[in-house]
Protein chains: 2
Amino acid sequence: MTASSSGSPKAPSHSARSRTLETLRRKIVTLELAPGTSLSENELAQSLDTSRTPVRESLILLQQEALVQVFPQIGTFVSLVDIERVTQAQFIREAIECASLNDAVARVTEEDLTSLRSILAQQEVTEIEGDVEKFFALDERFHRKLLSVGGHESAWAAVTSAKAHLDRARRLSLIDTRPISTLVGQHTDIVDALASRDAATAIGALRVHLRAVFEDIERIRAAVPHLFSDGRTVRLNRRTVHTLD
Amino acid sequence: MTASSSGSPKAPSHSARSRTLETLRRKIVTLELAPGTSLSENELAQSLDTSRTPVRESLILLQQEALVQVFPQIGTFVSLVDIERVTQAQFIREAIECASLNDAVARVTEEDLTSLRSILAQQEVTEIEGDVEKFFALDERFHRKLLSVGGHESAWAAVTSAKAHLDRARRLSLIDTRPISTLVGQHTDIVDALASRDAATAIGALRVHLRAVFEDIERIRAAVPHLFSDGRTVRLNRRTVHTLD
DNA sequence: ATACAAGCACTGCCATACTAGTGTGTCAAT
DNA sequence: ATTGACACACTAGTATGGCAGTGCTTGTAT
């Protein structure tokens, strides 16, 4: 028996588990499943038309990303937005992306710059259309491309798990009237500095951009405190349903 | 129903899964289970005196850390040492630890320095005794303490998953006659620079230290090529047993 | 001796039964 | 009306059965 492998053998995208996992992760980071919502293995299995096993295994993985919290014999809940945790995720992301950007300055080509600017142009369109989901998709492509310019695209996976958390907070910002234009402007600053091979300025601009999430988060917390963890003892009801309204 | 939570509710250390997971991880990073070894859910369940479920769930988590590779309907194998992967893990670790060290310079106290130097002293003892396992345990405490001085102890979890890979490579170095003294010397350099609040020097020293793994790895690969992935197609036999001899 | 083919033993995946533990709703006692 | 206790419904954790898919082995024909 021989097994041909290379790349990522782990994700047969047609398996019940990977489908379940992707669905759940998407619903959580897009806030379709609000923080605090209780997730029952049985209910999810029914509604996703599968059995408990793939659901359970997905929840274990989501728990690793701290997107859900599992309390044995009690229940599983979509994690509340935890500012401590957001801060930590932001630190990790900033460390990785800035380190990569530092390498990127020496490696960036004209094609790279063209490609990055093309993404920016598309983002400006979403700004007009007000399509938040599309904006996020392009934002992801932008940052991923930035990593690959630095020669560290493989670190994307690590950024992803930190990002998942941040994205929920960032989505709340955008819902809550932060103009997309601010972010696109910051992206532009980064690309401009990169174009002039100015590492310090580029890293500074990236830092400002990545830290933008902090500017809104306290205000948002004041508006929708029930979506936030107070960092101390948390008490959740089994049948609590949290909404964005 | 109310659930009291705080900290890490996820790890009831007495559960079958967490026991299984810890045992397997330990055996893999200490090379007790050599890279390439085939792991059967059934056999592991028997030998760990539990059922297939906790074993399977543990393997899924280890797969996330890339410590094992799962090939559906074929088998699960302890990952070969993949230099590409080691490089990536090193990059992530370096980014996080250096960023934290940069903050640490402004925060470090005399108690911190005393505590760090105490770890160094203990490491020198293990050097004489030749106790590799104890050395690694102290190494972990050192780096963790360094993170906490920077105010980023919570990023330790992220470092851990990158570290797991690196540790296998580093263990191979130590088995293969790299003197522990080199590493302790590098630790000392870091603490000295930290003591004089010299961020640039400290970060430089940390960088040298973290990159030491690269100095040995190619030589080790030449010595024990069957423990390494060639990065291309991998073919593993179901009953292959890899050893360190 | 070699080549080939069919059966077999084994894999991980998924579904489900069972267990131990938890909060809640109900009903009784006061 | 209030309180308390107890049964119940529901939880995640664990165990196990069945499945489709894979490579190895063995037997057979050449």
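All figures in this text were calculated on a predicted structure; none of them were measured in a lab. (Residues numbered from 1 in each chain as written. Chains lettered and ligands numbered in written order. Predicted model: local features only at pLDDT ≥ 70, side-chain atom pairs only at ≥ 80, totals over all residues.)

Can you tell me about the overall build of chain A, naming the residues and giving the values?
Counting its secondary structure elements, chain A contains 9 helices and 3 strands. Ordering the α and β elements of chain A from the N terminus gives α-β-α-α-β-β-α-α-α-α-α-α. A buried classification covers 36% of the 245 residues belonging to chain A. Considering only residue pairs separated by 6 or more positions, chain A has 75% of its internal contacts joining residues 24 or more positions apart. (Helix = DSSP H or I, 4+ residues; strand = E, 2+ residues; numbered from the N terminus. Buried ≥ 20, exposed ≤ 12 C-beta atoms within 10 Å, placed from the backbone. Contact = placed C-beta atoms within 7 Å.)

How would you sum up the confidence of the model for chain A? Please name residues and give values.
All names here are of chain A. When pLDDT is averaged along chain A, the result is 88, and 88% of the positions lie at 70 or above. Within chain A, helix α7 (residues 156-175) has the poorest average pLDDT of any element, 86, and helix α3 (residues 52-64) the best, 97. The low-confidence segment residues 1-10, where pLDDT is below 50, has 21 contacts with residues more than four positions distant or belonging to other chains. For this predicted complex, the interface confidence comes out at an ipTM of 0.88, alongside a pTM of 0.88. (pLDDT = per-residue confidence, 0-100.)

Any details on helix α5 (residues 110-129) of chain B? Residues and values, ideally.
Residue and element names in this part refer to chain B. With 20 residues, α5 should reach 28 Å at 1.5 Å per residue; the first-to-last C-alpha distance of 29 Å fits that figure. Considering only its buried residues, α5 is in contact with α6 (132-149) and α8 (180-195). After α5 finishes, the residue Gly130 shows a positive phi value of roughly 70°. (Expected span 1.5 Å × (residues − 1).)

Can you break down the sheet that holds strand β2 (residues 68-71) of chain A residue by residue, with the values?
Residue and element names in this part refer to chain A. Strand order across the open sheet formed by 3 strands is β1-β3-β2, with antiparallel pairing between neighbours. If you trace the sheet from one side to the other, it starts and ends with β1 (38-39) and β2, each paired once. One ladder, built from 4 bridges, connects β2 with strand β3 (residues 75-78); its direction is antiparallel. From the neighbouring strand, Phe71 faces β3, where its bridge partner is Gly75. (Pairing = 2+ DSSP bridges.)

Can you break down the pairing of β3(A) residue by residue, with the values?
Residue and element names in this part refer to chain A. Of the strand pairs in this sheet, β1 and β3 are connected by 2 bridges, and their pairing is antiparallel. When the bridges of β3 are listed, Leu39 appears paired with Thr76. In sequence, β2 turns back onto β3 through a hairpin of 3 residues, with Gln73 there showing a positive phi of about 65°.

Quick rundown of the sheet that holds strand β2 (residues 68-71) of chain B? Include the residues and the values.
All names here are of chain B. Here we have 3 strands laid out as an open sheet, ordered β1-β3-β2, and antiparallel in their pairing. The sheet is open, and its two borders are formed by β1 (38-39) and β2, each paired with just one other strand. Running over the sheet, helix α3 (residues 52-64) touches β1, β2 and β3 (75-78) and is turned about 115° from β2. (Axes fitted to C-alpha atoms, helices over the stretch in contact; angles between N-to-C directions.)

For the environment of Val125(A), give the residues involved together with the corresponding values.
Residue and element names in this part refer to chain A. Structurally, Val125 is set in helix α5 (residues 110-129). Its 12 C-beta neighbours within 10 Å are what place Val125 among the exposed residues. Along the sequence, Val125 and Ser18 sit 107 residues apart, while their C-alpha atoms lie 32 Å from each other.

Break down α6(B) for me, with residues and values.
Residue and element names in this part refer to chain B. With 18 residues, α6 should reach 26 Å at 1.5 Å per residue; the first-to-last C-alpha distance of 26 Å fits that figure. Along α6, the residues that are buried comprise Phe135, Leu138, Asp139, Phe142, His143, Leu146, Leu147 and Val149. Among the structural elements, α4 (83-107), α5, α7 (156-175) and α8 are those in contact with the buried residues of α6.

Go over the packing of α5(B) against α6(B), please, and point to the residues and values.
All names here are of chain B. Viewed as axis vectors pointing N to C, α5 and α6 meet at an angle of 165°, and their least axial separation amounts to 9 Å. On the basis of their axis angle, the class for α5 and α6 is roughly antiparallel. For the crossing formed where α5 meets α6, the hand is left-handed. Of the residues in α6, those in contact with Asp112, Ser115, Leu116, Ile119, Gln122, Gln123 and Thr126 of α5 are Lys134, Phe135, Leu138, Arg141, Phe142, Lys145 and Val149. (Parallel < 35°, antiparallel > 145°, perpendicular 65-115°, else oblique. Left-handed = near helix turned anticlockwise from the far one by under 90°.)

Describe the packing of α5(A) against helix α8 (residues 180-195) of chain A, naming the residues involved and giving the relevant values.
Residues and elements named next belong to chain A. Orientation of α5 relative to α8, taken along the N-to-C sense of each, is 170°, at an axis distance of 10 Å. On the basis of the axis angle, α5 is roughly antiparallel to α8. The handedness of the crossing between α5 and α8 comes out as left-handed. For the pair formed by α5 and α8, the contact residues are Leu113, Leu116, Arg117, Leu120, Gln123, Glu124, Thr126 and Glu127 on the first element and Ile180, Ser181, Val184, His187, Thr188, Val191 and Ala195 on the second. For the contact of α5 with α8, a count of residues per class yields 7 nonpolar, 5 polar and 3 charged. (Nonpolar A, V, L, I, M, F, W, Y, C, P; charged D, E, K, R; others polar.)

Break down the domain arrangement of chain A for me, with residues and values.
Residues and elements named next belong to chain A. The domain boundaries assigned to chain A delineate domain 1 (16-79) and domain 2 (83-225). On a C-alpha basis, the centres of domain 1 and domain 2 stand 27 Å from each other. Residue-level contacts link 7 residues of domain 1 with 7 residues of domain 2. (Domains from an automatic or database assignment.)

Describe unusual backbone geometry, with residues and values.
You will see that Arg197(A), though not glycine, has its phi angle at about 55°, which is positive. As for its position among the elements, Arg197(A) is in the loop between α8 and α9 (199-223). Judged by the 12 C-beta atoms lying within 10 Å of it, Arg197(A) falls in the exposed class. Phi angles above zero are rare outside glycine, and Gln73(B) is one such case at about 65°.

Kindly report on the environment of Glu110(B), identifying the contributing residues and their values.
All names here are of chain B. On the secondary structure map, Glu110 appears in helix α5. A residue is classified by how many C-beta atoms lie within 10 Å of it, and Glu110, with 8 of them, is exposed. Separated by 85 residues in the primary sequence, Glu110 and Ala195 have C-alpha atoms spaced 8.3 Å apart.

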